[in-house]
Amino acid sequence: MVPPLTLEYAGRSMTSPPALPSASAPGARGELLASARLFVEVARLALRRQLAYRAAAFAGLVTNLFFGLLRSSVLLALLAGQDSAYGLGARDLVTYTALTQGLIVYLSLFGWWDLMQNVYRGDVATDLMRPMSFYGFWLAQDAGRALAGLLMRGLPLVLAYALFFPIVTPTSPTGWAAFLVSLLLAGLLSFAYRFLVNLAAFWSPDARGIGRFAFTIVGLLSGFLMPLAFLPGWLREAAGFTPFPHMVGTVVDVWLGKLQGAALARALCEQAAWTVALVLLGRWLLGRARRRLEIGGG
Amino acid sequence: MLAHLGLYRRLVLAQVRSQLRYRASFVMDVLAVMVTSGAEFAAVGLVFASFDRVGGWRLGEVAFLYGLVELSFGLMDLVFGGFDPDFMGAAVRRGELDKLLLRPAPLALQVFGSEFQLRRLGKVLVGTLIFALAVSLAGIDWTPAKVLYLPLVVLGMIMFFGGLFVIGGTITFWTVESVQAMNVLTYGGLTLMSYPMTVYTASLRRLFTYVVPAAFLNYYPALYFLGRPDPFGLPGFAPFLAPLVGAFTLAAAFVFWRFGLRHYGSTGT
Amino acid sequence: MIEVEHLSKHFTLRAPTGGGGALRSFLSRERRVVRAVDDLSFRVGAGEIVGYLGPNGAGKSTTIKMLTGLLVPTSGDLRVDGVVPWRARRTYVARIGAVFGQRTTLWWDLPVIESLELLGHVYRVPPGRLRSNLREFGELLGLGEFLHTPVRALSLGQRMRADLCAALLHDPHLLFLDEPTIGLDVVAKERIREFVRRVNRERGTTVLLTTHDLADVQKLCRRVMIIDHGRLLYDGDLGALQDRFGGERRLVVDLAEAADVEVEGARVVERDGPRVTLAFRREDVSASDLIRRVTERHAVRDLSVLEPDIEGTVREIYEKNLLGA
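Residues numbered from 1 in each chain as written. Chains lettered and ligands numbered in written order. Predicted model: local features only at pLDDT ≥ 70, side-chain atom pairs only at ≥ 80, totals over all residues. Heavy atoms only, no water.

## Here we look at the overall build of chain A
For clarity, the cut-off: By the criteria applied, helices consist of DSSP H or I runs no shorter than four residues and strands consist of E runs no shorter than two, each listed in order from the N terminus. Only protein chains enter the accessibility calculation, which uses a 1.4 Å probe; a residue is then buried when its area is under 20% of its type maximum, exposed when over 50%, and partly exposed in between. Here, two residues are considered to be in contact whenever any of their heavy atoms come within 4.5 Å of each other. Accessible surface is estimated by sampling points in the Shrake-Rupley manner with a 1.4 Å probe; for residues, cover comes only from the protein chains shown.
If you tally the helices and strands in chain A, you get 12 helices and two strands. When its helices and strands are written in sequence order, chain A yields α-α-α-β-β-α-α-α-α-α-α-α-α-α. Taken across its 298 residues, chain A has 54% of its residues classed as buried. In chain A, the share of contacts with a sequence separation of at least 24, taken over all contacts with a separation of at least 6, comes to 80%. Here chain A has roughly 13300 Å² of accessible surface; of this, 66% comes from carbon and sulfur atoms.

This is how it looks when you write it as structure tokens:
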């Protein structure tokens, strides 16, 4: 059971447009450079905005820790004295709890409604007129938000766990590198999925309900609520046909070193492929949404 | 008293009527609540395909704990929604509390009647289904005493969680920033009480037995219903403390509420 | 009706020390006392309409909160009809009505009529009385056209009318109006003023009005009280106040080309290129005379007359210490 309270801190919307740096460098390369600078600037502003909520972040951290304690108690009780079950030992399970609790804000696992609110408030029209790709603008904002979540919630949480409990960490530089790649891909994939879900607001005035379903599925099939290894085989197989395990499960498995060599490469490739697919789908749907908005006149 | 109950009924009915005005979005809300609540239990239930027991308890027995606390919490949320610290905090900030104080009816009664969200029945329904699953799996030896005691256990949990809501809501008269700490206790308590106490480490178990008496609300009554022995050797009346613990928490909460109101009268916000 | 003597309300604030969080300001020992209301004394008789004015943060809303029983004073006496408001909240609030322009007392998702009937139960208005009041107020305020519309779908003016009706259903002796015309157009404002005047005249309801709109005061109140920094600066006739302090009106002139403007009865207070601002008093010269004098001598592109607003008048009174307080 996850409390709805963290929602508030998971996704604070950024309503006022950031001050855009003047981008006047000519030429294709110059334009790319300018877009990159713009992206960084938007992300940086979103990050700064999040960093202002330090007291809230601290309270959230305590909440995550407490729930982590309860969750790891249940998982360890499943082992019932055995060394390991379905490939996961006690240390793996504690580490799993630390990581999944630490990823909640980074991946907005309890839901993300910023774009939806933007559409319902009617602010979306001004956003669409920015001298920057709409998708890029939101991605940049979310990157800043996610980075703040990682710095203020994820990192301290895992460190706190490392301090008090025996947890597993990647053992080799390649292990760390693979984890970072997987973490980045999970962030992108999660954004692409959340963006898609939020786009529903362009079509339905009741998209919040759709969102609730969509985000609940993530909890179950990504390996957030329970390790995927503990779920029945048929469900695991079904989940394998979806992008969800690559949002949480893959990241955790890479950190735990459960994926090595070819299996690791394959997992990262699949993660990347799903990310590209969902981003492309999101951009295509955005185009349709935009046309709908123009024809409908908002 | 009767007039007060009549007013409460009217306030609640008014809310229900306005929620049912937007039928499609109401149905969607209920379904969403059910799916969220159901998925969380599904994750637990599905694990029993791979494992026999959690902390020595089978699926049916865990479902007993899980379903009972889930449906009690859902009922509490329905009745005490106006005291929910998140709701109360917003109401205090927006001056809604002043609005209620300007009306010649008891304040607590008006707060009870200010946020009756029918969609929370979704959680109650899921909890009831889980509980039904438990009853069919666990093979409980029902006696008249057990049948009579069951509603009292539910009532005990409603009063306990309701008391936590009232305390948290009262704290918002001073500050809204510490609400999160209270939420850890409420929602954390809900999660904690969904599993047998044998799952937790000794220190956590003692904390939630002797400091926050959560263990007496669900775990000990469940031992009685399921006919399981108490592994921690507490006296035989331990399973029957639930209504008392609940009533005491709620009473203490309303003492604090009165104190908070006096503070509110001297400072506003 | 209302008797207020040496009424004070002081708040103790914990001074926030720099960029600390809640914990830091909680631990901080530094405290600051804010005198929101400071030694206030006045009386209001039954059947009066009194304008209670002052700039933002002057202590208006703290006074209203004490008068409505929401706040307990730090010191002093306050009685309404012999009752101390916060001592007997429920019996007291049954006798008063209040409209806050900024927020509604009605149920957002319910049709207006259902909200009104519900309030009838909350105030335990006898059914017959409720019906006759609903009929009378409904007619005067023109509620009929939207009685069955949910409050969320009402325009601001309609909502305000419904709120006025709601505040009067239980026949209160005393009515608090806080910015009852804020955000409304001229016609809607006039309708509300007319209604308040009528209720006051026909039912003898005492009205305490706080507003930033001078026209509200001019059309409704004979008596005004002005408060700033928690102290009563003026209590008396509205006309006398305007004669004494609010005299300075302004004429803003956009000249065709920049020039020195010198006219009898007015003085130049501001000069910005071709724009000249003149200040004048109503007892010295009328606006039309002044405009004639200016246009006779200069080619003028545009003109506007600015009436002194309450805020300005009050600030002037306070800054210049005109009342010797």
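## Focus: the interface of chain B and chain C
Interface extent is often summarised as the accessible area lost during association of the parts. For clarity, the cut-off: When two parts are put together, the accessible area they lose, computed with a 1.4 Å probe and summed over both, is reported as buried area. Salt bridge criterion: a side-chain nitrogen from Lys or Arg within 4 Å of a carboxyl oxygen from Asp or Glu. We define a polar contact as two N or O atoms separated by no more than 3.5 Å, with the added condition that, inside protein, one atom must be a possible hydrogen donor and the other a possible acceptor, whereas residues neighbouring each other in sequence contribute only through side-chain atom pairs.
Taken together, the 28 residues of chain B in the interface contact 32 residues of chain C. Carbon and sulfur atoms make up 57% of the surface buried where chain B meets chain C, a total of about 2600 Å² over both sides. When the buried surface of chain B facing chain C is broken down by residue, B:Leu102, B:Arg103 and B:Pro104 rank first, second and third, together holding 26% of it. C:Glu114 is paired through a salt bridge with B:Arg17; the nearest N and O atoms lie 2.6 Å apart. Where chain B meets chain C, there are 11 residue pairs in polar contact (both at pLDDT 80 or more). Those elements giving two or more residues to the side of chain B that touches chain C turn out to be helix H1 (2–21), helix H5 (96–101) and helix H12 (242–267) of chain B. For the side of chain B that touches chain C, the element with the highest residue contribution is H1(B), accounting for nine residues.

## Re the packing of helix H4 (residues 90–106) of chain A against helix H11 (residues 249–256) of chain A
Residue and element names in this part refer to chain A. The cut-off we apply is this: For helices, the axis comes from a line fit to the C-alpha atoms of the stretch in contact; other axes are also lines fit to C-alpha atoms, and the angle between any two N-to-C directions lies between 0 and 180 degrees. Note on angle classes: values under 35 degrees are labelled roughly parallel, values over 145 roughly antiparallel, values of 65 to 115 roughly perpendicular, and the remainder oblique. By the definition used in this description, the sense in which the near helix is turned from the far one sets the handedness, with an anticlockwise turn below a right angle giving left-handed and a clockwise turn giving right-handed.
In contact at an axis separation of 10 Å, H4 and H11 are set at 135 degrees when each is read in the N-to-C sense. As judged from the angle between their axes, H4 and H11 are oblique. Read as a crossing pair, H4 and H11 show a hand that is right-handed. Here Asp92, Thr95, Tyr96, Leu99 and Thr100 of H4 lie close against H11, whose contacting residues are Val252, Trp255 and Leu256.

## Regarding the arrangement of the chains
Of all two pairs of chains in contact, the one with the most contacts involves chains A and B. Chain A shows no contact with chain C. Their nearest C-alpha atoms sit 6 Å apart.

## Notes on the environment of C:Thr206
Residues and elements named next belong to chain C. Along the chain, Thr206 falls in strand S7 (residues 206–210). Along the sequence, Thr206 and Leu175 sit 31 residues apart, while their C-alpha atoms lie 6.1 Å from each other. If sequence neighbours within four positions are ignored, Thr206 has contacts with Met1, Val44, Gly45, Ala46, Gly47, Glu48, His173, Leu174 and Leu175.

## Description of the packing of aromatic side chains
For the record, the criterion: Aromatic rings from Phe, Tyr and Trp, with only the six-membered ring used for Trp, were paired whenever their centres fell within 6.5 Å, and each pair was classed as stacked if the ring planes differed by under 30 degrees, edge-to-face if by over 60, and tilted otherwise.
Summed over all chains, the structure comprises 51 aromatic pairs over all chains. Consider the rings of A:Phe230 and B:Phe51, whose centres lie 4.7 Å apart with planes at 75 degrees: the pair is edge-to-face. You can see A:Phe230 sitting in the loop between helix H9 (207–221) and helix H10 (233–240) and its partner B:Phe51 sitting in the loop between helix H2 (23–47) and helix H3 (59–80), one on each of two chains. Classification of B:Phe51 by relative accessible area gives buried; the value is 7%.

## A short note on the sheet that holds strand S5 (residues 96–100) of chain C
Residue and element names in this part refer to chain C. Convention followed: The pairing criterion for strands is at least two bridges between them, as found by DSSP.
Spatially, S5-S6-S7-S3-S8-S9 is the arrangement adopted by the six strands of the open sheet, whose pairing is mixed. Single-partner strands in this sheet number two, and they are S5 and strand S9 (231–237). With strand direction ignored, the average angle separating the axes of adjacent strands in the sheet is 15 degrees. By the bridge criterion, three bridges tie strand S3 (residues 49–53) to S7 in an arrangement that is parallel. Pairing of Gly51 across the sheet is with Leu209, part of S7. Where helix H6 (residues 156–168) meets the sheet, its contacts fall on S5 and strand S6 (174–178), and the angle it forms with S5 comes to roughly 165 degrees.

## A word on the pattern of salt bridges
Considering all chains together, one arrives at 36 salt bridges over all chains under this definition. Here A:Glu270 ties to A:Arg266 by a salt bridge, and the two come within 3.1 Å at their closest N and O atoms. Of the two residues, A:Glu270 and A:Arg266 are both situated in helix H12 (residues 261–296); the distance of four residues between them amounts to about one turn of the helix. The exposure class of A:Glu270 is partly exposed, given its relative accessible area of 29%. A relative accessible area of 58% means that A:Arg266 is categorised as exposed. Of the charged contacts, one joins C:Arg43 and C:Glu3 as a salt bridge, the two residues approaching to 3.4 Å between their closest N and O atoms. A residue pair is termed long-range when its members are at least 10 positions apart, and C:Arg43 in strand S2 (residues 31–44) and C:Glu3 in strand S1 (residues 2–14) qualify at 40 residues. With a relative accessible area of 48%, C:Arg43 lands in the partly exposed category. Overall, the relative accessible area of 28% leaves C:Glu3 in the partly exposed class. One salt-bridge network, in which partners are shared between bridges, spans C:Lys189, C:Glu190, C:Arg193, C:Glu194, C:Arg197, C:Asp213, C:Asp216 and C:Lys219.

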